[in-house]
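Next come the chains, spelled out residue by residue.
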Amino acid sequence: MALPISTALKGVLWFVFFGLAKTFQYGGLAILGAKGLSEAFKKEKKGKDNSES
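Described below are features of the structure shown in this document. (Residues numbered from 1 in each chain as written. Predicted model: local features only at pLDDT ≥ 70, side-chain atom pairs only at ≥ 80, totals over all residues. Heavy atoms only, no water.)

Looking only at helices and strands, one finds one helix and zero strands in the chain. By residue count, 0% of the 53 residues in the chain fall in the buried class. As presented, the chain carries roughly 4,900 Å² of accessible surface, and 70% of it is formed by carbon and sulfur atoms. (Helix = DSSP H or I, 4+ residues; strand = E, 2+ residues; numbered from the N terminus. Buried < 20%, exposed > 50% of the residue type's maximum accessible area, 1.4 Å probe, protein only. Areas by Shrake-Rupley, 256 points an atom, 1.4 Å probe, with all protein chains shown as cover.)

How two aromatic rings sit relative to each other is given by the distance of their centres and the angle of their planes. Applying the stated criterion across every chain yields a total of one aromatic pair. Judged by centre distance (5.0 Å) and plane angle (5°), the rings of tryptophan 14 and phenylalanine 18 are stacked. Placement of both tryptophan 14 and phenylalanine 18 in helix α1 (residues 7–52) is noted, with a separation of four residues, approximately one turn of the helix. Residue class for phenylalanine 18 comes out partly exposed when judged on its relative accessible area of 41%. (Phe/Tyr/Trp six-rings, centres within 6.5 Å; stacked < 30°, edge-to-face > 60°.)

All right, on to a nonpolar patch on the surface then. Taken together, the side chains of Leu3, Ile5, Leu9, Val12, Trp14, Phe15, Val16, Phe17, Phe18, Leu20 and Phe24 make up a nonpolar region of the molecular surface, amounting to roughly 1,100 Å² of accessible area. Position of phenylalanine 15 relative to the elements: it lies in helix α1. (Patch = residues over 30% accessible without salt bridge, like charges linked within 9 Å, V, L, I, M, F, W, Y side chains within 5 Å. Salt bridge = Lys/Arg side-chain N within 4 Å of Asp/Glu carboxyl O.)

Structure representation (structure tokens):
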């Protein structure tokens, strides 16, 4: 990284931002839920099948 800050602070920032990214990722999955996730996969598969024919 080209930030003019200490290595320790870079590590802390990386930890914070990575933690936030994972929080949003798992939060989105929890909101979507298992049923919504399976429906999303069905829609994606259906879209691929239509584009191939």
